[in-house]
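Topology and contacts: notes
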Amino acid sequence: MLHLVPPTLGPTSLDPSPIPALRPEIEAARLAAVEAYGILDTVAEPAFDRITAMAADLFDAPIALLGFTGHSSVFFKSHHGLAATHAPRGPDPSQPALAPWIRSEFRFDFHASVPLHSADGHEIGMLCVIDRRPRRIEEPQTRGLRALGGIATDLLAMRLTARRVLAQAEMTAREVDHRAMNSLQFVASLLQLQSRASGSSEITQQLRAAANRVLAVARVHRTFSTQKTGGRVPIVAHLRRLCEELSNSADSMIRLEGADEVEVPKEQVLPIGLIVNELATNARKHASDPISITFHKLGEGTYELCVLDEGPGLPKGFDAAAPSGMGLGMKVVNALVAQLQGQLSAHANPVGRGSCFKVTFPVG
Ligand SMILES: Nc1ncnc2c1ncn2[C@@H]1O[C@H](COP(=O)(O)OP(=O)(O)O)[C@@H](O)[C@H]1O
Ligand SMILES: [Mg+2]
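Being a predicted model, the structure only gives us computed values, none of them experimental.

For the rest of this paragraph, the subject is helix 6 (residues 235-250). Compared with an ideal rise of 1.5 Å per residue, which puts 16 residues at 22 Å, helix 6 spans 22 Å between its outermost C-alpha atoms and is within 8% of the ideal. Among all positions of helix 6, only Ile235, Val236, His238, Leu239, Leu242, Cys243, Leu246 and Ser247 are buried. When helix 6 is viewed along its axis, its buried side chains cluster within an angular range of 165 degrees and face the same direction. Away from its buried face, by an angle of more than 90 degrees, helix 6 presents the exposed residues Asn248 and Ser249. Once helix 6 ends, the next one or two residues include Asp251, with phi positive near 50 degrees.

Here it is as structure tokens:
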């Protein structure tokens, strides 16, 4: 006959908690405590695997599990001697919820476990050892399993601290980007004012171009300040916003057409944004609406960004990648393309009229 651990052979839990009638608000707080660790459904980590290996060794048992109880299942962060990564959970988050599953899966005769608690006292998981053969638990084993449970709890506390430090650092970075955006917008406004005050049309043009470039940098900082980037930014969403803003600010039509979304490293957003700004500004200046921007995947890790217009087309003998003798705009574009480790070329627009500036670059 199957049985849970017979009383003579040792308790099912070394730290048995009374099985409480779960109140929904308590369970919600417990689940929030589990979520705070960001550990559910994550990949295996050697530190936790070492703990289960030692626990199995300590009891000379084939299976040791380190599990965290989520909403509808127990996730095994480490599962020594067992392939399963999840088990259904019962209404109670504590170890006895696992018992029916373990019993039916393993027909076990021995099961010892210690609960794992969050710093604020919620029972978030368990470390347990399972065997088919009944045996008596010795006092050093009890101490050992508790100590291993303590190490797991310490690792979790460090994990929580690291997550909080990271979240704080991200918030600070967003705040810095927000301030940078404000300051750059302020500088752009000053340049605009100065451009209006200038008596020379050449200087007015130059100051407007400078204000436009400063605004382009400000837009990138705004994206960083409003998005939880985690080091990467969905570039098509950024380009779409950029097109809308460029269209509104210059009262022209700049469209983003058919694009393959990809998250690019944060460092690539500034050069991409500034390249689009320069090329779209040129398309407005030297051609006319409509201006379109496309962004496509060429191959694994390689993308192509195009800015197309339907203007008079490129001057004869134009070489986009040889900026000497050209204006500041193409020099800036070449420098930014080099920063992306990409290639720049310019062709006739395939629609038959106008030009097409193409940048291909690797997304790291
Ligand atoms: N979309 C375009 N259509 C036609 N010619 C262009 C286009 N973009 C750039 N050019 C040509 O390239 C030249 C260099 O551009 P740039 O370096 O930005 O300087 P600027 O815009 O100040 O003239 C332009 O003067 C123009 O002749
Ligand atoms: Mg230009």
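Further remarks concern the site of ligand 1. Around ligand 1, the surrounding shell holds 14 residues, and the nearest of these are Asn282, Lys285, His286, Asp309 and Met330. Take Asp309: an N or O atom from its side chain is 2.8 Å from a nitrogen atom of ligand 1. In the model, an oxygen atom of ligand 1 is placed 3.4 Å from a nitrogen or oxygen of the Gly329 main chain. Isolated, ligand 1 exposes 530 Å² of accessible area, and the fraction of that covered by the protein chains is 80%. Looking at the shell around ligand 1, the elements with two or more residues in it are helix 7 (266-286), helix 8 (328-339) and strand 12 (355-362). The element that contributes the greatest number of residues to the shell around ligand 1 is helix 7, accounting for 4 residues. For the shell around ligand 1, the per-class residue count stands at 6 nonpolar, 6 polar and 2 charged.

It is worth spelling out the environment of Gly149 at this point. Along the chain, the position of Gly149 falls in helix 4 (residues 139-197). Gly149 sits 73 residues away from Phe76 along the chain, and the two C-alpha atoms are 14 Å apart.

Okay, the sheet that holds strand 5 (residues 123-131) next. If you walk across this open sheet you meet the 5 strands as 3-2-1-5-4, and the pairing is antiparallel. Two strands lie at the open edges of the sheet, namely strand 3 (86-88) and strand 4 (110-117), each paired on one side alone. Going from strand to strand, the sheet's axes swing by 25 degrees on average, the running direction of each strand aside. Two strands pair when backbone bridges link them, and strand 4 and strand 5 are joined in this way by 8 bridges, in the antiparallel orientation. Bridge pairing links Val114 to Leu127 in strand 5. Its contacts with the sheet place helix 2 (residues 46-59) against strand 1 (63-69), strand 2 (73-80), strand 4 and strand 5, and it is angled at close to 75 degrees to strand 2. Against the sheet, helix 4 engages strand 1, strand 4 and strand 5, with an angle of about 35 degrees to strand 4.

The next subject is the packing of helix 5 (residues 201-226) against helix 7. Between helix 5 and helix 7, whose axes approach to 10 Å, the crossing angle comes to 145 degrees. Both helix 5 and helix 7 take part in a crossing whose hand is right-handed. For the pair formed by helix 5 and helix 7, the contact residues are Asn212, Arg213, Ala216, Val217, Arg219, Val220 and Phe224 on the first element and Lys266, Val269, Leu270, Leu274, Asn277, Glu278 and Thr281 on the second. Classifying every residue of the contact of helix 5 with helix 7 by side-chain character gives 7 nonpolar, 3 polar and 4 charged.

It is worth spelling out the domain arrangement of the protein at this point. Split by domain assignment, the protein resolves into domain 1 (7-163) and domain 2 (232-364). The centre of domain 1, based on its C-alpha atoms, is set 54 Å off from the matching centre of domain 2.

Here we come to the pattern of salt bridges. A full pass over the atoms with the stated rule returns 16 salt bridges. Where Asp177 meets Lys266, a salt bridge forms, and the shortest distance between an N and an O atom there is 4.0 Å. Of this pair, Asp177 sits in helix 4 while Lys266 sits in helix 7, and the two are 89 residues apart along the sequence. On the accessibility criterion, Lys266 (22% relative accessible area) is partly exposed.

Our next topic: the pairing of strand 9 (residues 291-299). As paired elements, strand 7 (residues 254-259) and strand 9 share 5 bridges and run parallel to each other. Bridged to Leu256 within strand 9 is Ile293.

Right, let's talk about the pairing of strand 1 for a bit. Strand 1 sits mainly inside the fold: 7 of its 7 residues count as buried. Both faces of strand 1 are covered, namely the face carrying Ile63, Leu65, Gly67 and Thr69 and the face carrying Ala64, Leu66 and Phe68. Relative to strand 5, strand 1 runs antiparallel, the two being bridged by 6 bridges. In the sheet register, Ala64 faces strand 5, and the bridge partner there is Val129. Examined bridge by bridge, strand 1 and strand 2 share 6 bridges and lie antiparallel to one another. Bridge assignment links Leu65 to a residue of strand 2, and that residue is His79. The hairpin formed by strand 1 and strand 2 contains 3 residues between the paired strands.

About the criteria used
Residues numbered from 1 in each chain as written. Chains lettered and ligands numbered in written order. Predicted model: local features only at pLDDT ≥ 70, side-chain atom pairs only at ≥ 80, totals over all residues. Heavy atoms only, no water. Helix = DSSP H or I, 4+ residues; strand = E, 2+ residues; numbered from the N terminus. Expected span 1.5 Å × (residues − 1). Buried < 20%, exposed > 50% of the residue type's maximum accessible area, 1.4 Å probe, protein only. Arc of directions from axis to C-beta. Near = heavy atom within 4 Å. Polar contact = N/O pair within 3.5 Å; in protein donor to acceptor, adjacent residues only side chain to side chain. Areas by Shrake-Rupley, 256 points an atom, 1.4 Å probe, with all protein chains shown as cover. Nonpolar A, V, L, I, M, F, W, Y, C, P; charged D, E, K, R; others polar. Pairing = 2+ DSSP bridges. Axes fitted to C-alpha atoms, helices over the stretch in contact; angles between N-to-C directions. Contact = heavy atoms within 4.5 Å. Left-handed = near helix turned anticlockwise from the far one by under 90°. Domains from an automatic or database assignment. Salt bridge = Lys/Arg side-chain N within 4 Å of Asp/Glu carboxyl O.

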